[in-house]
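# Coordinate analysis (summary)
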Amino acid sequence: MKIRVFLAAMLLSTMAFTAQAITPDEIITKSIDAQGGLAKFKALTSYSATGTMAMAQMQMDMSFALKVKRGGKMRFENEVQGMKFVTAIDGSTGWMINPMTGTGKAEKLPDENVKDMKDMADIDGDLVGYKEDGWTVENLGSVDVEGSTAYKLKFTKEKDTKFVYIDAVSFLELKQEKKSSMMGQEMDVETIYSDYQNVGGIMRPFQMELRTQGTTIQTITLKKIETNIEIADSVFTMPK
Amino acid sequence: MKNLFSAALIVATTVSAVSQSTMTGGMLGGMRARSIGPATMGGRIADLAVVSSDPKIIYVGAASGGVWKSTNGGVTMQPVFDDFNQSIGAIAIDQARPDTVWVGTGESWTRNSTSVGDGVYRSYDGGKTWSFVGLPKSERIARIQIDPKDPRRVFVAVTGALWSDSKDRGLYRTTDGGATWENVLFTNERSGCADVVMDTTDPNVLYAAMWEFRRTPYSFASGGPGSGLYRSADGGTTWTKLTNGLPQGDLGRIAIDISPLDHTLIYANVEAAESGFYRSTDAGATWERRSTTSASSVRPFYFSRIVADPVDKNVIHKAGLNYYRSADGGASFDALGGSSHSDHHAMWIDKRDNAHILDATDGGLYESFDKAKRFRHLANLPISQFYHVSLDMRAPYYVYGGLQDNGSWFAPVRTSDGIHNADWKNVGYGDGFAVLPDATDENIIFWESQGGEAQRTDLRNGETKKVQPVASREEGKLRFNWNTPIVRSSGDPSVIFIGSQYLHRSSNRGDAWKTISPDLTTNDSTKLKQDQSGGLTVDNSSAENHCTIVTIGDAAKDADVIWVGTDDGNIQVTRNGGSTWTNVTANVGGLPAHSWVSCVEASPTDPAVAYATFDGHTRGDMTPYVYKTTDHGATWTSLVAASPDVKGYANVIRQDPVRAELLYLGTEYGLYVSFDAGAHWLPFRNAIPPVPVRDLAVHPRDHDLVIATHGRGIYVLDDLTPLRAFDPQNISAEVTMLPSRPAVRRMGVISQRFSGDGEFVGSTTDDVATIWYFLKERPLKGATEIVIKDPAGTVIRKLPASTRKGLNKVEWPLRLPPPITATSEVGFAGGSFSGPLAPEGTYTVEVHRAGTVFTGTFTVVTDPIYQHSDADRASQQELVMTLYRLQTELAITQDIVLRTRTRLDTTLAHSEGVPTGTIASMRSLRDTLDAMNKQFVNTKVGLITGEEQLREQLSGLYGQVNNYMGKPTATQRDHAAILAERVGSGTRSVESILASLLPPVNEALKAAGKSEIAVETREQTEKRLRK
């Protein structure tokens, strides 16, 4: 019964490319299901990920470690030639350690970067619990994303806008577009997801490509993700 | 859940078998067009709008270059309308809710080269997203007015069709935010609404200007009984024609504005037998003529915008050849504008300070702070309108082209740090069209201004000579089109052609011309009355010249085969170098008579084959016509009859010189590509909007497609090689590897610029190897990895893959991985972020996808601009590899030092039971190791310490040698030897210290029941560092 219903729904969606019959909440629910289901997301308390980042301008891969804990806590560390960089948020205060500043001490992050940090620290991602986070959503219809058909969802919260593209066949998230503050400038950043793998029942993209104005600036490749591990809150607190 | 996925995937793969007919333009996504500008001269802007409550937010509507937005007062501009029609007629902001913006497409400054719009669009989020809201057949829109009290109530002045009768014109009103529209003011099918202004103090009161006008391929007429000035007092439902005090007889284009300070004060510029500036002080009931100056009478069809000053009732701003400003209610006008471009179209006056002005001209956007006396140019809008493009054979090659309103220019296709405004050089004045570099002397440039005024300039000294042909005694007056073709022969590059109504040929750079044809046009005298053209205002600028040749093409493989197309619909061919000509127009089936031949392209591969595009838009026919002949014109087939997706009248077609089935088509709605000789066309929209494409050129050596747009400057598709190898009919493999042109090794170039953010900079190519492959499906699951192997087969780099459905591109910066360096907590070894440049040769690239490996190759060559001998280059490669390995040697030694120090520290922290002598030994050893580390790497904290230890010196020297392709200096060699000795002696010191001091310590530790301090071998350390 389930399979028939799913296929039928999918055929309808592939045929009705321009019809707005499917509501944004239906798309979001299907996507959460495709990624593992609401129950699995709600059961997630933390995760730890390691991997490498390839910057487009440089030819080296930098390894990184990311820890996220429910409650808006996140810590991102990467190392270059032995120098350790840390960016973190403890739920409200964003801070960083940048050895290049010469002091080696932790400093608070500017407000425009804290916004991006909060996004990264949201363990539920863009779709789960979006209403509770204060977003409203609109289905802008089917669009072509690099040869695949996707639903373009527009999320709005006060002055903020972001777009999430859901693949019309698999209902996995294809990409996200939002404004990000980089080097003091607000830029439109696209994040393209691929290499989905099952981690503890949730489908996670193991590769993320960041682009601005169509050009790739960074590719993140995850090596390992562990979920629901014990992480002390002090890991996320700004050191004195 | 897994079963559902497999089921879904099965359906997905059967539904999407890739063939040309199901391929979409999006599948070419890995290939993106590169915009190189120029922005230094801007381009024509038709309208602008500024948010009153936050005047740093500016919207600019280019005549055919889209809508641009700034949020910082014009310092930077972003395109916000690139998914839509690029010809902008009007922009209006709902000032009470400034995120609501309305755009009317289709420029209403109806010069001969103007484009077409397709209706009205609206954004509710400040331009992030847009909806189409109606009036698709409006073709051009002059003004939009929004009711400040009810934003659902909007008026749109549809000027309408320029080249034909139309019912879809006049003033339109919506009261439901664009869901439905009513035509509330209409006079006849030859007249449209040219202006509308709403009284914002009483939105039921509106003034509208109706305008009767028509352009044909050979004439323009402004004025007629359908024109007039109208007023409504009931919100646009009924209208009264205003006549009291206005000129009698037929009227032409009228511009209107209401003073924001006094709603009974109305200004109008009226084109009539005698054009003049008029004022009403009683809300339009009666009018008085204030003046009849050139501010009113010069080209009213083109200059028809009045802005009543927001601060001073008597001040009026008028668009014109100059920036006209009156301070006496229109009785007199000062001709201002400073050194801004002449030809002003719209302006915004700051109501906080009426000395502050933004001015929209044919040369882009300007800003004044002194009431239009002096202006600064905002050089950040790449909205130039090219007619043609040519390329030369320099390295890098240069791109040449002429611009509407803005002369002739050229620039390199790439530089080391972007194509800056200063990289574009000007070589000619007026309106520019064809620009040709000489075939052998890069200092000689041919260019022209409107009407075939061909010139030749020597760049060494700027000396210019006119080389336009002059009629012989037998020939009548020569007729040259506004956009006269000047082309180089593809068979013999020392020959150039120019077309009047005859074809002229020169083999001595234009010093002398030979006429090699009879009159190839229809020579229809009814179409030769340009001296009477203009209607109420005579306008004979050569824009309407007709019965002329507009396109020429000769066959590369047979110089005797020459094709010519004319503006009055003749396509003619000679097969004997001009001795006899055949008119083959009648053989083109399905083509309306007198369809302007926009382009004739002789196939570069087969002399019997030619392609032609025909353009009927100047007779109101917007259909694209594209044909091909394979028998010198005896028979023709349409290439677009079965392609309803091709939109816009056709301007240019080129056949790829390597693969004959690969065709490139430019229409008024953008670029299209065909992989199967025209059976199917794909729109190409990757990083290029649907902007009019007027010319295309393929570079024969570098294999780029250079795209000349009319409204967004020049775009480049770098490297057509993968497209040439790609056959959409035969894509069955999951991954298809595609070839690329040789990758070019170059060294980085040092430059220092702090020019701020206010200038547009075109993108350049990077010094990388480009790997192309086609993915049949988008792989959401499973890893995809790229592996690069050097000519010996060794893996030198792994890269994350791009995973689009369709064409993918991955770049490898042509360098080995960066050296493994010793680590420091306080600073970088700046020279060591790059590996050595990869040597020349043939490399292998593998795409690893879900367990299968797909293989391709690419070659790496050195840019011929470097002058070093092979021996010199070999000596650089030898030294750089030595320094490369030395850094790793030091890294291993340091790693051993640091790990051992850490282990000593850990043991010292838990040293209960360890003899005091051993503890003292451990401390001493630990301190020695720490001191050695301080010699190896920087350890001083601080941003600018000036410290430079062994690692930093090694990295610095490596960086120097790594960034020069030739022989290292003797100094560098000596320095390298010294550093090598220090690394060697450091390594030996560490070994001997550990060998002598550790064993007794370990014995004592063992005896005390503690773990020993182990030291890895160098091999183990290296393996771990390399992971």
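Just so it is clear, the model here is predicted, and its values are computed rather than measured.

Of the regular secondary structure elements, chain A holds four helices and 13 strands. Within chain A, the fraction of its 240 residues that count as buried is 50%. A total accessible area of about 11,300 Å² is found for chain A, and carbon and sulfur atoms account for 56% of it.

It is worth spelling out unusual backbone geometry at this point. In this chain, Gly 37 of chain B is followed by Pro 38 of chain B through a cis amide linkage whose omega measures 5°. You can see Pro 38 of chain B is positioned in the loop between β1 (34-35) and β2 (45-50). Cis peptide bonds are those with omega within 30 degrees of zero, and the linkage from Ala 395 of chain B to Pro 396 of chain B qualifies with -5°. Among the structural elements, Pro 396 of chain B can be located in the loop between β31 (386-391) and β32 (398-403). Unlike most non-glycine residues, Asp 195 of chain A shows phi in positive territory, near 55°. In this structure, Asp 195 of chain A sits in strand β11 (residues 185-199). The class for Asp 195 of chain A is buried, based on a relative accessible area of 8%. The residue Ala 677 of chain B is not glycine, and still its phi comes out positive at about 55°.

What follows concerns the side chain of His 504 of chain B. Residue and element names in this part refer to chain B. Here His 504 is to be found in strand β41 (residues 503-506). For His 504, a relative accessible area of 2% corresponds to the buried category. At 2.8 Å, the side chain of His 504 and the side chain of Ser 500 are in polar contact. Aside from chain neighbours lying at most four places away, what touches His 504 is Pro 469, Leu 478, Ile 496, Phe 497, Ile 498, Trp 513, Lys 514 and Thr 515.

Another aspect to go through is the domain arrangement of chain B. As far as domains go, chain B holds domain 1 (84-242), domain 2 (386-732), domain 3 (738-747 + 765-862) and domain 4 (870-1026). Once you take the C-alpha centre of each, domain 1 of chain B and domain 3 of chain B turn out to be 54 Å apart.

Contacts between chain B and chain A engage 53 residues on the former and 51 residues on the latter. Taking both partners together, chain B and chain A bury about 4,000 Å²; carbon and sulfur atoms supply 58% of that area. Scanning the region where chain B abuts chain A turns up two salt bridges. We note a salt bridge from Lys 159 of chain A to Asp 99 of chain B, for which the minimum N-O separation is 3.6 Å. Inspection of the chain B/chain A interface yields seven residue pairs in polar contact (both at pLDDT 80 or more). Of all elements in the fold, only α1 (2-15) and β63 (795-800) of chain B reach the threshold of two or more residues within the side of chain B that touches chain A. Among the elements that line the side of chain B that touches chain A, the one with the most residues is α1 of chain B, at six residues. When the residues that make up the side of chain B that touches chain A are grouped by side-chain class, the tally is 23 nonpolar, 16 polar and 14 charged.

Before going further, it helps to spend a moment on the pairing of strand β8 (residues 120-123) of chain B. Residues and elements named next belong to chain B. Residues Val 120 and Arg 122 point to one face of β8 and Tyr 121 and Ser 123 to the other, with burial holding for every one of them. Pairing analysis gives four bridges linking strand β7 (residues 101-105) to β8, with the strands arranged antiparallel. By the bridge assignment, Val 103 is partnered in β8 with Tyr 121. Relative to strand β9 (residues 131-134), β8 is paired through three bridges, and the arrangement is antiparallel. Paired with Val 120 across the strands is Gly 134, a residue of β9.

Residues and elements named next belong to chain B. Under the 1.5 Å per step criterion, the end-to-end length of helix α5 (residues 916-936) is 30 Å for 21 residues, consistent within 8% with the ideal 30 Å. Within α5, burial applies to Thr 918, Ile 919, Met 922, Leu 925, Arg 926, Leu 929, Asp 930, Met 932, Asn 933 and Phe 936. An end-on view of α5 places all buried positions within 160° of arc, on one side of the element. Buried residues along α5 sit against α4 (870-909), α6 (950-962) and α7 (970-1007).

Procedures and definitions
- Residues numbered from 1 in each chain as written.
- Chains lettered and ligands numbered in written order.
- Predicted model: local features only at pLDDT ≥ 70, side-chain atom pairs only at ≥ 80, totals over all residues.
- Heavy atoms only, no water.
- Helix = DSSP H or I, 4+ residues; strand = E, 2+ residues; numbered from the N terminus.
- Buried < 20%, exposed > 50% of the residue type's maximum accessible area, 1.4 Å probe, protein only.
- Areas by Shrake-Rupley, 256 points an atom, 1.4 Å probe, with all protein chains shown as cover.
- Polar contact = N/O pair within 3.5 Å; in protein donor to acceptor, adjacent residues only side chain to side chain.
- Contact = heavy atoms within 4.5 Å.
- Domains from an automatic or database assignment.
- Buried area = accessible area lost by both parts, 1.4 Å probe.
- Salt bridge = Lys/Arg side-chain N within 4 Å of Asp/Glu carboxyl O.
- Nonpolar A, V, L, I, M, F, W, Y, C, P; charged D, E, K, R; others polar.
- Pairing = 2+ DSSP bridges.
- Expected span 1.5 Å × (residues − 1).
- Arc of directions from axis to C-beta.

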